[in-house]
Amino acid sequence: MSADLSRALILVDVQNDFCEGGSLPVPGGADVARRISDHVVAHADDYGAIVATADWHEDPGAHFSDHPDFVDTWPVHCRVGSDGALFHPGAERAFEHVEAIFRKGLHAAAYSGFEGSTVESADHRVGLGDWLRDRAIESVDIVGIATDHCVRATALDALDEGFDTRVLLDLTAGVAPATTAAALEQLREAGADLVGAPVLASTEEVS
């Protein structure tokens, strides 16, 4: 890659609860966290900005359930102040280059990073789309967890917001082959550039 100051890298939800040992683990999540660190260390200078998103739930209503269906309802995860909401240690080197964190889902589900916001001053928060546009970002690379949920939603919203969108699938982890394949098809149809293949627990290739 060569330097492109109009391109940003978005790290989606690389949090403890979405990696092995967390309350809602995605197989391969910890490996993806380490891969993301390697990518950022090698390519930080190629981007005009590097940002991250994070689930940050306090009371998200029906998003949490004692009997989750793993479609619309989920076990408790990424609760504000919990260890599970922290970023995975494998991504620590990447976060040395992160300029802003966009937290989402305080009182709602919020799958897309574009539903999140960051604190710019004591009395002002800004959303991801506006933050990127304020820095003349025109295109984004998206990585993180999970391919078939928050990565998918973030990429679709990036396209809707007018950003040229590329998903680096080698730096994503998917929950299941079927939902990941459906997500990739949806992203292709929406106009995303898909590079590589996501990490999956199954040996079945999804591309």
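Residues numbered from 1 in each chain as written. Predicted model: local features only at pLDDT ≥ 70, side-chain atom pairs only at ≥ 80, totals over all residues. Heavy atoms only, no water.

Some details on the environment of Glu 58
- Take Glu 58: it is sitting in the loop between β2 (47-55) and α2 (92-95).
- In this structure Glu 58 comes out as partly exposed when scored by relative accessible area, which is 43%.
- A sequence separation of 22 residues divides Glu 58 from Val 80, and the C-alpha atoms of the two residues are 5.7 Å apart.
- In contact with Glu 58, other than residues within four places in its own chain, are Arg 79, Val 80, Gly 105, Leu 106 and His 107. (Helix = DSSP H or I, 4+ residues; strand = E, 2+ residues; numbered from the N terminus. Buried < 20%, exposed > 50% of the residue type's maximum accessible area, 1.4 Å probe, protein only. Contact = heavy atoms within 4.5 Å.)

Remarks on the pattern of salt bridges
- For the structure on display, the rule yields ten salt bridges.
- When the shortest N-O distance is used, the salt bridge between Asp 141 and Arg 7 registers 2.6 Å. Separated by 134 residues along the polypeptide, Asp 141 in strand β6 (residues 139-145) and Arg 7 in strand β1 (residues 4-12) bring together distant segments of the chain. Per residue, the accessibility class of Asp 141 equals that of Arg 7, and both read buried.
- Here Asp 141 makes a salt bridge to Arg 166, at a shortest N to O gap of 2.7 Å. Taken together, the residues Asp 141 in strand β6 and Arg 166 in strand β7 (residues 164-173) connect sequence positions 25 residues apart.
- Exposure remark for Arg 166: the relative accessible area of 21% places this residue in the partly exposed category.
- In the salt-bridge network here, residues are joined through shared partners; they are Arg 7, Asp 141, Asp 164 and Arg 166. (Salt bridge = Lys/Arg side-chain N within 4 Å of Asp/Glu carboxyl O.)

As for helix α4 (residues 147-160)
- Under the 1.5 Å per step criterion, the end-to-end length of α4 is 18 Å for 14 residues, consistent within 8% with the ideal 20 Å.
- For α4, the buried fraction is high: eleven of the 14 residues fall into the buried class.
- Turning to α4, its buried residues number three or more, namely Thr 147, Asp 148, His 149, Cys 150, Val 151, Ala 153, Thr 154, Ala 155, Leu 156, Ala 158 and Leu 159.
- Where the residues of α4 are buried, they touch β1, β3 (100-104), β6, β7 and α5 (177-190). (Expected span 1.5 Å × (residues − 1).)

Focus on the confidence of the model for the protein chain
- Looking at the protein chain as a whole, the pLDDT averages 91, with 96% of positions reaching at least 70.
- Across residues 203-207, confidence stays below pLDDT 50; counting only partners more than four residues off in sequence or on other chains, it has ten contacts. (pLDDT = per-residue confidence, 0-100.)

Some remarks on the packing of aromatic side chains
- Taken as a whole, this structure holds three aromatic pairs when the rule is applied.
- Taken together, a centroid distance of 5.8 Å and an interplanar angle of 80° make the contact between Phe 102 and Trp 131 edge-to-face. Here Phe 102, found in strand β3, pairs with Trp 131, found in helix α3 (residues 128-134); they are 29 residues apart in sequence, far enough to count as distant. Taken individually, Phe 102 and Trp 131 each receive the classification buried, so the pair is uniform in this respect.
- A cation over an aromatic ring shows up here: Arg 103 above the ring of Trp 56, its NZ or CZ 4.3 Å from the ring centre.
- Across from the ring centre of Trp 131, 3.8 Å away, lies the NZ or CZ of Arg 135, which sits over that ring. (Phe/Tyr/Trp six-rings, centres within 6.5 Å; stacked < 30°, edge-to-face > 60°. Lys NZ or Arg CZ within 6 Å of the ring centre and 35° of its normal.)

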